[in-house]
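Structural description and commentary
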Amino acid sequence: MRVTLVEGGEVSRLVFEGDMTLEFSNEMEDRIIGAMRRRKPVQVDLSAVEEIDLCGVHMLGMMQTMGKDKVDIVATSPAVERRFRKLLSN
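Conventions and cut-offs
- Residues numbered from 1 in each chain as written.
- Predicted model: local features only at pLDDT ≥ 70, side-chain atom pairs only at ≥ 80, totals over all residues.
- Heavy atoms only, no water.
- Salt bridge = Lys/Arg side-chain N within 4 Å of Asp/Glu carboxyl O.
- Helix = DSSP H or I, 4+ residues; strand = E, 2+ residues; numbered from the N terminus.
- Buried < 20%, exposed > 50% of the residue type's maximum accessible area, 1.4 Å probe, protein only.
- Pairing = 2+ DSSP bridges.
- Contact = heavy atoms within 4.5 Å.

Some words on the pattern of salt bridges
The final tally for this structure, using the stated rule, is four salt bridges. Between Arg38 and Glu7 there is a salt bridge, and its shortest N-O distance comes to 2.4 Å. Taken together, the positions of Arg38 in the loop between helix H1 (25–37) and strand S3 (42–52) and Glu7 in strand S1 (residues 2–8) put the pair 31 residues apart, joining distant regions of the chain. For Arg38, a relative accessible area of 43% gives the class partly exposed. The class for Glu7 is partly exposed, based on a relative accessible area of 40%. With a closest N to O distance of 3.4 Å, Asp45 and Arg13 form a salt bridge. Taken together, the positions of Asp45 in strand S3 and Arg13 in strand S2 (residues 11–20) put the pair 32 residues apart, joining distant regions of the chain. On the basis of relative accessible area, Arg13 is assigned to the partly exposed category, the value being 28%. Taken together, the salt bridges that share partners define one network made up of Glu7, Arg38 and Lys40.

Next up, the structure:
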């Protein structure tokens, strides 16, 4: 998994690539907290995520709870869409 923080003016963009799974939870948490400390709106790009488990979904939920209206998921991959649909159907 790779997480890149792209700074741009008034908004930061957090780009996740690879697997957002329990195996990478510490790295995800560190990067999310680092982005949130900047106190700027954060765009979350999940378009390159190949796999996401419940831990990854939890991290996204935590980020949205902490950031409220300052966190916006701007792109998702097919894997993320499948996981979201599966969660919503249960």
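Observations concerning the pairing of S1
Within a regular strand, side chains alternate between the sheet's two faces. Note that S1 and S2 share seven bridges and pair antiparallel. Residue pairing across strands places Gly8 opposite Val11, the latter belonging to S2.

Description of the environment of Arg31
Mapping Arg31 onto the fold places it in helix H1. Remark: the alpha-carbon pair of Arg31 and Thr21, spanning 10 residues in sequence, is separated by 14 Å. Apart from the residues within four sequence positions on either side, Arg31 is in contact with Val3, Thr4, Leu5 and Leu14.

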